[in-house]
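# Structure at a glance
Here is what each chain is made of, one letter per residue.
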Amino acid sequence: MAQWTMAQALTDAMRLELKRDENVLIFGEDVGNNGGVFRITEGLQKEFGVDRVFDTPLAESGIGGLAIGLGLTGYRPIAEIQFVGFIFEALDSIAIQAPRMRWRSGGRYNSPITFRTPFGGGVKAPELHSDPLEGLMCQTPGIKVVVPSNPYDAKGLLLSSIRDNDPVFFMEHLNLYRAFRQEVPEGDYTIPLGKANVVREGKDVTIITYGAMVHASLKAAEELEKARGVQVEVIDLRTISPIDINTVVASVEKTNRAIVVQEAQKSAGVAAEVIAQINEHAILSLEAPVLRVTGPDTVVAFPLIEHEWIPNTTKIVAALNKVLDF
């Protein structure tokens, strides 16, 4: 198996699909000759031609509209929104038109579109580039929301997303593109959408998280085990809409305590939804309230102080100790 970064794994997934299915197209701002601002589509235009991988004008509304039209006519578009903070110009397509297509047409049409976009703090990006907007998309019915945390998952989840007959909003954390390498099969494999992964087994407390916060949570789990001998279970949601509540509940019923960690702001986000569902399905198993570790309810901080804004291992350990000592 290859040792790839998440960036390389994503590129390989798109390369495989372009080879496998002639209806797969990639388009967005600078994705062609330049290979995208983070070089995730690098080399694909040269290999598959300008009719399959091409640049669009700097107009997100046009990217969204083009994706809708192509999806309706038998193509499988991979539409890149250069940064998640730029989706507002395309929300009519992403959040209204694409997700409703199957419903409003009585099943005659669908929108097999993958909207790819980078997001997340820690790279000192300008304003609007790092905003974690997944909560906005998770409240949109009809579209799946996927956030991989590592190269292996990134490739398998992207292949599943491209092959899905309904729209998928695929979010790639900026700080994970080249953070580390991992063994990734060079061939074809998929990871089911809507299925969480228990990345660390434990019996005393559960952390439910996703994206870059998986790695901060794993470090916190290791620190707590060294300090207190506590065994922390860590769940990577991978798909945050729909949430795999069965895996979450099974863990909470075992550990009886939980926290939820997200980089995004606290209010009305994925963490709030996870806690609500735990209360609905497993409240009698809880021995302490489920706590959240999140960003504050402000805009993402400017680069010089973003490290204070983003949740970290220290904050996660503090929340774990609080639920353990309740």
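Residue positions are given per chain, counting from 1 as you read along its sequence in written order. Totals for whole chains, interfaces and linings use all residues, but because this is a predicted model, local features are given only for residues with pLDDT of at least 70 and pairs of side-chain atoms are given and counted only at 80 or more. Note that water and hydrogens are dropped before the side-chain values are worked out from all heavy atoms of the structure.

## Brief notes about the overall build of the protein chain
Helix numbering and strand numbering both begin at the N terminus, where a helix is a DSSP run of H or I of at least 4 residues and a strand a DSSP run of E of at least 2. Per the secondary structure count, the protein chain includes 11 helices and 14 strands. The C-alpha radius of gyration of the protein chain comes to 20 Å, within 12% of the 20 Å expected for a compact globule of 326 residues. Only protein chains enter the accessibility calculation, which uses a 1.4 Å probe; a residue is then buried when its area is under 20% of its type maximum, exposed when over 50%, and partly exposed in between. Among the 326 residues that make up the protein chain, the fraction classed as buried is 59%. Here, residues are in contact when the closest pair of their heavy atoms is within 4.5 Å. For the protein chain, contacts bridging at least 24 residues in sequence account for 82% of all contacts bridging at least 6. For the protein chain, the computed accessible surface area is about 13,600 Å², with 51% contributed by carbon and sulfur atoms. The centroid of the 31 positive side-chain charges in the protein chain is displaced by 3 Å from the centroid of its 41 negative side-chain charges. The globule rule used for comparison is 2.2 Å times the number of residues to the exponent 0.38, while the radius of gyration itself is calculated over C-alpha atoms. With residues, only the protein chains shown are counted as cover, and all accessible areas are computed by Shrake-Rupley using a 1.4 Å probe. All tallies of charge rest on Lys and Arg as positive and Asp and Glu as negative; His and the ends of each chain are not included. Note that the charge is assigned to NZ on lysines, CZ on arginines, CG on aspartates and CD on glutamates.

## A word on a nonpolar patch on the surface
Two distance rules govern patches: like charges are joined within 9 Å, and nonpolar side chains (Val, Leu, Ile, Met, Phe, Trp, Tyr) within 5 Å, applied only to residues with over 30% relative accessible area and no salt bridge. Here, a salt bridge means any side-chain nitrogen of Lys or Arg that lies within 4 Å of a carboxyl oxygen of Asp or Glu. Taken together, F302, L304 and I305 make up a surface patch of nonpolar side chains, about 370 Å² in accessible area. Relative to the assigned elements, L304 resides in the loop between β14 (291–295) and α10 (306–309). Accessibility expressed as a relative area gives 76% for L304, which makes it exposed.

## Considerations on the nonpolar core
The term nonpolar core refers to a set of buried residues drawn from Ala, Val, Leu, Ile, Met, Phe, Trp, Tyr and Cys, joined through side-chain atoms within 4.5 Å. In this structure, F169 and L237 are the most contacted members of the largest nonpolar core, which totals 78 residues. Once residues within four sequence positions are removed from consideration, F169 is found in contact with V84, I87, I94, F115, T117, M137, I143, K144, V145 and V146. Grouped together as the second largest cluster of nonpolar side chains are 24 residues, V232, A288, W309 and I310 included.

## What about unusual backbone geometry?
In this structure, the amide linkage connecting S241 to the following residue, P242, adopts the cis form with an omega of 0°. Following the sequence through the fold, P242 ends up in the loop between β12 (239–241) and α8 (245–255). Phi is positive for D30, close to 70°, though the residue is something other than glycine. As for its placement among the helices and strands, D30 is situated in the loop between β2 (24–28) and α2 (44–48). Exposure remark for D30: the relative accessible area of 32% places this residue in the partly exposed category. The backbone phi angle of K124 is positive, close to 55°, even though this residue is not glycine. Positionally, K124 belongs in the loop between β5 (114–119) and α5 (134–138). Using a relative accessible area of 53% as the deciding quantity, one classes K124 as exposed.

## Topic: the sheet that holds strand β9 (residues 197–200)
Within a sheet, adjacent strands bond to each other through the backbone by hydrogen bonds, running parallel or antiparallel. In spatial order, the strands read β9-β11-β10-β13-β14; together these 5 strands make up an open sheet with mixed pairing. Strand pairing shows two members of the sheet lacking a second neighbour, β9 and β14, which therefore form its edges. In this sheet, neighbouring strand axes are inclined to one another by 25° on average, regardless of whether the strands run parallel or antiparallel. Bridge count for strand β10 (residues 205–209) against strand β13 (residues 258–265) is 3 bridges, and the pairing is parallel. Pairing of I207 across the sheet is with I259, part of β13. Note on definitions: angles span 0 to 180 degrees between N-to-C directions of axes, and those axes are lines fitted to C-alpha atoms, for helices only across the stretch in contact. Against the sheet, α8 engages β9, β10, β11 (232–236) and β13, with an angle of about 175° to β11. Should DSSP find at least two bridges between two strands, the strands are regarded as paired.

## Some thoughts on the packing of helix α1 (residues 6–20) against helix α6 (residues 151–163)
Orientation of α1 relative to α6, taken along the N-to-C sense of each, is 30°, at an axis distance of 8 Å. Classified by the angle their axes make, α1 and α6 are roughly parallel. As for the relative orientation of α1 and α6, their crossing is right-handed in sense. In contact with M6, A9, L10, D12, A13, M14, L16, E17 and R20 of α1, α6 contributes P151, A154, K155, L158, L159, I162 and R163. For classification purposes, angles smaller than 35 degrees are called roughly parallel, those larger than 145 roughly antiparallel, those between 65 and 115 roughly perpendicular, and all remaining angles oblique. Definitions for this section: a left-handed crossing has its near helix turned counterclockwise from the far helix by less than a right angle. A right-handed crossing has that turn clockwise.

## Notes on the pairing of strand β7 (residues 168–173)
Across the 6 residues that make up β7, a large majority, 6, are buried. Where burial is concerned, the two faces of β7 agree: the one with V168, F170 and E172 and the one with F169, M171 and H173 are both buried. Handedness rule for crossovers: strands pointing away from the viewer, path from the first strand over the helix to the second running clockwise, crossover right-handed. In this fold, strand β6 (residues 144–146) hands off to α6, which returns the chain to β7; that crossover is right-handed.

## A few points about the sheet that holds β5
Across the sheet, which stays open at both edges, the 7 strands sit in the order β3-β2-β4-β5-β7-β6-β12 with mixed pairing between neighbours. Each edge of the open sheet carries a strand with a single partner, namely β3 (53–55) and β12. For this sheet, the mean inter-axis angle between neighbouring strands, taken without regard to orientation, is 20°. Running at roughly 160° to β7, α6 makes contact with β2, β4 (76–80), β5, β6 and β7 of the sheet.

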